Amino acid sequence: MSILKPFFVGSMLTLLLSFSFAATAQDTLDVAVAEKGEGVYALLRKKGVNPYEAYEAFVSLNIGNMRDSIHLYEGRTYKIPAELKEVASDEDVVENTVLNKGKGYAIFGKKYSKIPAKSTKLKNAVYYLVSGHGGPDPGAMGTYAGKSISEDEYAYDITLRLARELISHGALVYIIIRDKNDGIRDDRYLKIDHDEVAYPDEVIPLNQVARLKQRVDIVNKLYKKHRGKYQRLIVTHIDSRSKGQNIDVFFYHHEKSKNGKKIAENIHTTFQKKYKKYQPNRAYSGTFSDRTELYLVRKTHPAMTYIEIGNIKNKKDQKRILEPENRQALAKWISEGAILDFTKK
């Protein structure tokens, strides 16, 4: 298998252009003037708007008034999107999040507990999301600004963001590895802890084989519960290689699984199209392949894709995972690939 070329996820932010609004609604929107050095997130926070919820809508409203579809011009006036409609507080929507009616989904943290309803494209779809390592095992380790950074914290943050995206389109999502107090974090440095558990609240074993078997048993038990439905498993990891080696995103599947190959290919195709659109001067050579020797690939029952996001030790790849906006963009690309897979079934 060839080593993939790197891509710049910093430009991923330009993809978030999917929201549209009627002209009559735009006429009543609030506005704000950008100050020197102010970015989209800072401007939205200044107006008391949750930047995570409103970023896509803001870009869609102001795309013609932004530099490189990302940056604001000092002194210019920008439209502030109205509050988005939330997903209905129905315990059947996402039973894995322990939904508190009126308070949102606690697992995502207070700031992001309420999820905007974007569509019903994934209605009746069931997803199992497994972030790599966790509990006593931090996974691959790297160093950033003199501090240790671990695979499990960043894989978990991307997984939470992916879960919110899938939920916002009507999917039922099980977050298999979970941390009750981390939630989604908009920091570059994610503090390492060891209090993650496995769904619903199982202690994660120290032994590697026992850890993997625990995840397989949980997923397969849930798969049996939802037999007959469209079900997919998405596993997220971050690789660890020599510091000088940067890698692209890898997508793996079981060699004998047609549906596993299909979801891996659809997510890969989504990455390919987005990259071509927003990075037209840079070649993208990302591929997907079978990796049946991986325990979770071999033992789990749902069709699945196993994703390696980058090299945690490489400085270029670190940009992909350290910037919260990049982690959000990665999650959005994966979710769009998942939607493509479901709608093509």
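Residues numbered from 1 in each chain as written. Predicted model: local features only at pLDDT ≥ 70, side-chain atom pairs only at ≥ 80, totals over all residues. Heavy atoms only, no water.

Enquirer: Help me understand the overall build of the chain in this model?
Expert: Within the chain, the secondary structure is distributed over nine helices and 15 strands. In the chain, which comprises 345 residues, the share counted as buried stands at 55%. Contacts in the chain between residues at least 24 apart in sequence constitute 75% of all its contacts with a sequence separation of at least 6. Here the chain displays about 15,600 Å² of accessible surface, and carbon together with sulfur accounts for 50% of that area. (Helix = DSSP H or I, 4+ residues; strand = E, 2+ residues; numbered from the N terminus. Buried < 20%, exposed > 50% of the residue type's maximum accessible area, 1.4 Å probe, protein only. Contact = heavy atoms within 4.5 Å. Areas by Shrake-Rupley, 256 points an atom, 1.4 Å probe, with all protein chains shown as cover.)

Enquirer: Would you mind showing me how to read the pattern of salt bridges here?
Expert: Pairing is possible between side chains of opposite charge, provided their charged atoms come close. Across all of its chains, the model carries 15 salt bridges by this definition. Linking aspartate 30 and lysine 47 is a salt bridge whose minimum nitrogen-to-oxygen distance equals 3.1 Å. With aspartate 30 in strand S1 (residues 30–33) and lysine 47 in the loop between helix H2 (40–46) and helix H3 (51–62), the pair connects residues that are 17 residues apart, well separated along the chain. Residue classification places lysine 47 among the partly exposed positions, given a relative accessible area of 31%. For lysine 332, the salt bridge goes to glutamate 336, with nearest N and O atoms at 3.6 Å. With lysine 332 and glutamate 336 both in helix H9 (residues 324–343) and four residues apart, the pair spans about one turn of that helix. Each member of the pair, lysine 332 as well as glutamate 336, is classed as buried. Through salt bridges that share partners, Asp157, Arg161, Asp186 and Arg327 make up one connected network. (Salt bridge = Lys/Arg side-chain N within 4 Å of Asp/Glu carboxyl O.)

Enquirer: Sorry, what's going on with the packing of helix H4 (residues 151–168) against H9 here?
Expert: Packed helices, taken two at a time, are described by their axes: the angle between them and the distance between them. Direction vectors running N to C along H4 and H9 enclose 50 degrees, while the axes themselves pass 8 Å from each other. By the criterion of interaxial angle, the relationship of H4 to H9 is oblique. Along this stretch, H4 crosses H9, giving a crossing that reads as right-handed. Residues Tyr154, Asp157, Ile158, Arg161, Leu162, Glu165 and Leu166 of H4 form the contact with H9, whose own contacting residues are Pro324, Arg327, Gln328, Leu330, Ala331, Lys332, Ile334, Ser335 and Ala338. (Axes fitted to C-alpha atoms, helices over the stretch in contact; angles between N-to-C directions. Parallel < 35°, antiparallel > 145°, perpendicular 65-115°, else oblique. Left-handed = near helix turned anticlockwise from the far one by under 90°.)

Enquirer: Teacher, can you tell me more about the environment of aspartate 239 here?
Expert: For aspartate 239, the location among the structural elements is in strand S12 (residues 230–239). Residues aspartate 239 and asparagine 314, spaced 75 residues apart in sequence, show a C-alpha to C-alpha distance of 9.9 Å.

Enquirer: Honestly, the sheet that holds strand S11 (residues 202–203) in this entry has me stumped. Any pointers?
Expert: Sheet strands pair by backbone hydrogen bonding; their relative direction is either parallel or antiparallel. Strand order across the open sheet formed by three strands is S9-S10-S11, with antiparallel pairing between neighbours. A strand with exactly one partner marks an edge of an open sheet, and here the two such strands are strand S9 (177–178) and S11. (Pairing = 2+ DSSP bridges.)

Enquirer: Just to check I follow, could you spell out H4 for this structure?
Expert: An α-helical turn contains 3.6 residues, so any two residues separated by three or four positions project in the same direction. Between its first and last C-alpha atoms H4 spans 26 Å; for 18 residues at 1.5 Å apiece the expected length is 26 Å, and the two agree. Two residues or fewer past H4, glycine 170 is found with a positive phi of approximately 95 degrees. (Expected span 1.5 Å × (residues − 1).)

Enquirer: Can you help me understand the packing of aromatic side chains in this one?
Expert: Overall, the coordinates contain 10 aromatic pairs when judged by the stated rule. Between tyrosine 128 and tyrosine 174, the aromatic rings sit 5.5 Å apart at their centres with planes inclined by 25 degrees, giving stacked as the arrangement. Here tyrosine 128 is found in strand S5 (residues 125–131), whereas its partner tyrosine 174 is found in strand S8 (residues 172–175), with 46 residues between them in sequence. Ring centres 5.2 Å apart and planes at 75 degrees place the aromatic pair phenylalanine 251 and phenylalanine 271 in the edge-to-face group. With phenylalanine 251 in strand S13 (residues 250–253) and phenylalanine 271 in helix H6 (residues 258–278), the pair connects residues that are 20 residues apart, well separated along the chain. Considered together, phenylalanine 251 and phenylalanine 271 belong to a single accessibility category, that of buried residues. An aromatic cluster is defined as three or more aromatic residues linked by ring pairs; in this entry it consists of Tyr127, Tyr230 and Phe342. The ring of tyrosine 189 is capped by lysine 147, whose NZ or CZ atom sits 4.6 Å from the centre of that ring. Seen from the ring of phenylalanine 108, arginine 164 lies directly overhead, with NZ or CZ sitting 5.9 Å from the centre. (Phe/Tyr/Trp six-rings, centres within 6.5 Å; stacked < 30°, edge-to-face > 60°. Lys NZ or Arg CZ within 6 Å of the ring centre and 35° of its normal.)

Enquirer: What is the right way to read the confidence of the model for the chain from this model?
Expert: Caution is warranted with low-pLDDT regions, since their predicted coordinates should not be read in detail. Confidence in the prediction of the chain, expressed as mean pLDDT, is 81, and 79% of residues score 70 or more. Within the model, pLDDT remains below 50 along residues 1–27, and this stretch shows 74 contacts once partners closer than five positions in the same chain are excluded. This stretch, residues 88–101, has a pLDDT under 50; its non-local contacts, to residues over four places away or in other chains, come to 39 contacts. (pLDDT = per-residue confidence, 0-100.)

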